[in-house]
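Each chain, written out:
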Amino acid sequence: MLFRSTSMREPADALVLFGVTGDLCYRKIFPALYRLARRERFSTPVIGVARAGWKREQLIERVRASIHEFVADRDPAVLAQFVQLFHYVDGDYREAATFTALRKALGAARHPLHYLSIPPSMFPVVVKAFGASGCAAGSRVVVEKPFGRDLASARALNRVLHGVFDEASIFRIDHYLGKEPVQNLLYFRFANSFLEPMWNRNYVASVQITMAEQIGVAGRGRFYEEAGAIRDVVQSHLLQVAALLAMEPPVAGDSDSMREEKVKVLKAMPPLSTEQVVRGQFRGYREEPGVAPDSRVETYAALRLEIDSWRWAGVPFYVRAGKRMPVTATEVVVDLRPPPARVFGGLGQEQPNYIRFRLGPDVAIALGARAKRAGAGMKGRAVELFVTQEQGDAMDAYERLIGDALAGDASLFARQDEVEVAWAVVDPILSPGTEPLAYEPGTWGPAPADELIHGPCGWHNPGPDAQSWSRSCA
């Protein structure tokens, strides 16, 4: 039975956390809810559902432990009120009695928000139980990543979701879209008029997006064997960043207008071929617990994307993500074309003009230019002008996104067609049948990735802070 949304702008009057005893709730969701409560933006009853044999008191102690571990600036009075919001339903997700008990616990709630912090294999089981039990009536559902493993499985999951909920009631969460630096990138693009005249193929030579992580798989070898770099961050996080960089101005600031423009960009990306991708695996990955000794899963991926649109045709978008890199940092560099004529002969253009967005862990926007070097001759040097620099997120991504979902604001959540078209871009390269190239931990990945870059400069390598980076230019 399909339950249609009556008013998605109605605030949720109950929050149901499936998988409430799990790691995601403990590390991310409980702290996010507490911070919302401290800002006086959350006072909604919370019903935790799990098969742990717990009582309410054990859940409350779990919540307290989470806040003490992950929130430094605690307010005892706020915490005392916060934990009283929690209730608990124990049961197996496959049993109808669990959802009967949940329906009873919801009481008079008319617009509950169901949050599925559970293994993806259980999404269909729980969603179908919502429909059979009536728990879906008037409600919304938040679905955690991953939304499938490929295009076919994403479509299958969406069919299950649409069998019970209409699209306006489905909130597919990608925490990366809730990060302050990513929002800053979107705002900077459309709040400043000086960018628009040059934000096209006539002035932009290339775009680079790098997500580097110093850590390896951090004990999550079994999970990573099911994901890999392309599924884990490229298909979701980095294609979203590319869409934000390339999208046309939306006609309004509402969720549908924003998402419509992102979908247009993703649809303009031809599916990738193996010639556009370099896959790597850091030495030592196969010795990680839970990793197959002959694993072909990539811990590094570099891609050359194309966007066949009027604005971006012919401009390569280079995307790179990897584990065990020299630093942990995410940066975007938009290289501009050189001036049409070199007034100062023989000067050269060692470093092109560029715009650089530092998306984490610290935040910055900088402009790369050339200025005259002091002295008698007309010789230049590269300079970088910082537009803005901040430290970290003002609001945690989960705090922002859960707050939006509770309010019914879908702006930062993925729509069905957005998810499916992103999978369509990477689908041809998910099972290449070849082993990834080995690279040493602490390096920038396998050398053949350098051959993807066309132009005078190689990969832009972020530094440990916003003001340090490196790359070689001809």
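Residues numbered from 1 in each chain as written. Predicted model: local features only at pLDDT ≥ 70, side-chain atom pairs only at ≥ 80, totals over all residues. Heavy atoms only, no water.

Asks: Outline the overall build of the protein chain, listing residues and values.
Replies: Broken down by element type, the protein chain carries twelve helices and 17 strands. In terms of C-alpha radius of gyration, the protein chain reaches 24 Å, essentially the compact-globule figure of 23 Å for 474 residues. Its C-alpha atoms give the protein chain principal-axis dimensions of about 80 × 50 × 40 Å. Looking at the protein chain as a whole, 54% of its 474 residues qualify as buried. For the protein chain, the proportion of contacts with a sequence separation of at least 24, taken over those separated by at least 6, is 76%. Summed over all atoms, the accessible surface of the protein chain reaches about 20,400 Å², with 52% contributed by carbon and sulfur. Positive and negative charge centroids in the protein chain, built from 56 and 55 side chains respectively, lie 1 Å apart. (Helix = DSSP H or I, 4+ residues; strand = E, 2+ residues; numbered from the N terminus. Rg over C-alpha atoms; globule rule 2.2 N^0.38 Å. Buried < 20%, exposed > 50% of the residue type's maximum accessible area, 1.4 Å probe, protein only. Contact = heavy atoms within 4.5 Å. Areas by Shrake-Rupley, 256 points an atom, 1.4 Å probe, with all protein chains shown as cover. Lys, Arg positive; Asp, Glu negative; His and termini not counted. Charge placed at Lys NZ, Arg CZ, Asp CG, Glu CD.)

Asks: So what's going on with the packing of aromatic side chains? Residues and values would help.
Replies: Overall, the coordinates contain 21 aromatic pairs when judged by the stated rule. Summarising the aromatic geometry, the rings of Phe-30 and Phe-86 are spaced 5.7 Å apart at their centres and angled 90° between planes, so their arrangement reads as edge-to-face. Of this pair, Phe-30 sits in helix α1 (residues 23-38) while Phe-86 sits in strand β3 (residues 86-90); the two residues are 56 residues apart in sequence, bridging distant segments of the chain. One exposure class covers both Phe-30 and Phe-86, and it is buried. Taking 5.2 Å as the distance between ring centres and 75° as the angle between the ring planes, the aromatic pair formed by Phe-82 and Phe-86 counts as edge-to-face. According to the relative accessible area criterion, Phe-82 is buried, its value standing at 1%. (Phe/Tyr/Trp six-rings, centres within 6.5 Å; stacked < 30°, edge-to-face > 60°.)

Asks: Can you lay out the environment of Val-204 for me, pointing to particular residues and giving the numbers?
Replies: Note on placement: Val-204 falls in strand β7 (residues 204-212). For Val-204, a relative accessible area of 0% corresponds to the buried category. Separated by 132 residues in sequence, Val-204 and Leu-336 place their C-alpha atoms 4.4 Å apart. Ignoring anything within four residues of it in the chain, the contact list for Val-204 reads Met-198, Trp-199, Trp-312, Val-315, Val-334, Asp-335, Leu-336 and Arg-337.

Asks: Can you lay out the confidence of the model for the protein chain for me, pointing to particular residues and giving the numbers?
Replies: Here the protein chain shows a mean pLDDT of 89. Residues at 70 or above account for 96%. When mean pLDDT is taken per element in the protein chain, strand β1 (residues 14-18) scores highest with 97 and strand β14 (residues 380-390) scores lowest with 80. (pLDDT = per-residue confidence, 0-100.)

Asks: Run through the pattern of salt bridges, naming residues and quoting values.
Replies: Following the criterion strictly, the structure yields 24 salt bridges and no others. Among the salt bridges present, the one from Glu-298 reaches Arg-279, with a minimum N-O distance of 3.3 Å. Note that Glu-298 is positioned in the loop between β8 (277-282) and β9 (300-305) and Arg-279 in strand β8, a separation of 19 residues in sequence. Take Glu-298 and Arg-279: they sit in the same class, and that class is buried. Salt bridges here are not isolated pairs; linked through shared partners, they connect Asp-256, Arg-259, Glu-260, Arg-415 and Asp-417. (Salt bridge = Lys/Arg side-chain N within 4 Å of Asp/Glu carboxyl O.)

Asks: So what's going on with the state of the cysteines? Which residues, and what values?
Replies: One pass over the full model with this rule turns up one disulfide. Covalently, Cys-457 is tied to Cys-473 through a disulfide, its sulfur atoms 2.0 Å apart. Its S-S torsion of approximately 105° makes the covalent link between Cys-457 and Cys-473 right-handed. Within this pair, whereas Cys-457 is found in the loop between β15 (437-439) and β16 (461-462), its partner Cys-473 is found in the segment after β17 (469-470), the two being separated by 16 residues in sequence. Judged by its relative accessible area of 7%, Cys-457 falls in the buried class. Of the residues examined, Cys-473 reaches a relative accessible area of 25% and is grouped as partly exposed. Cys-25 forms no disulfide, and the closest cysteine sulfur to it belongs to Cys-135, at a distance of 18 Å. Of the residues examined, Cys-25 reaches a relative accessible area of 0% and is grouped as buried. (Disulfide = S-S within 2.5 Å.)

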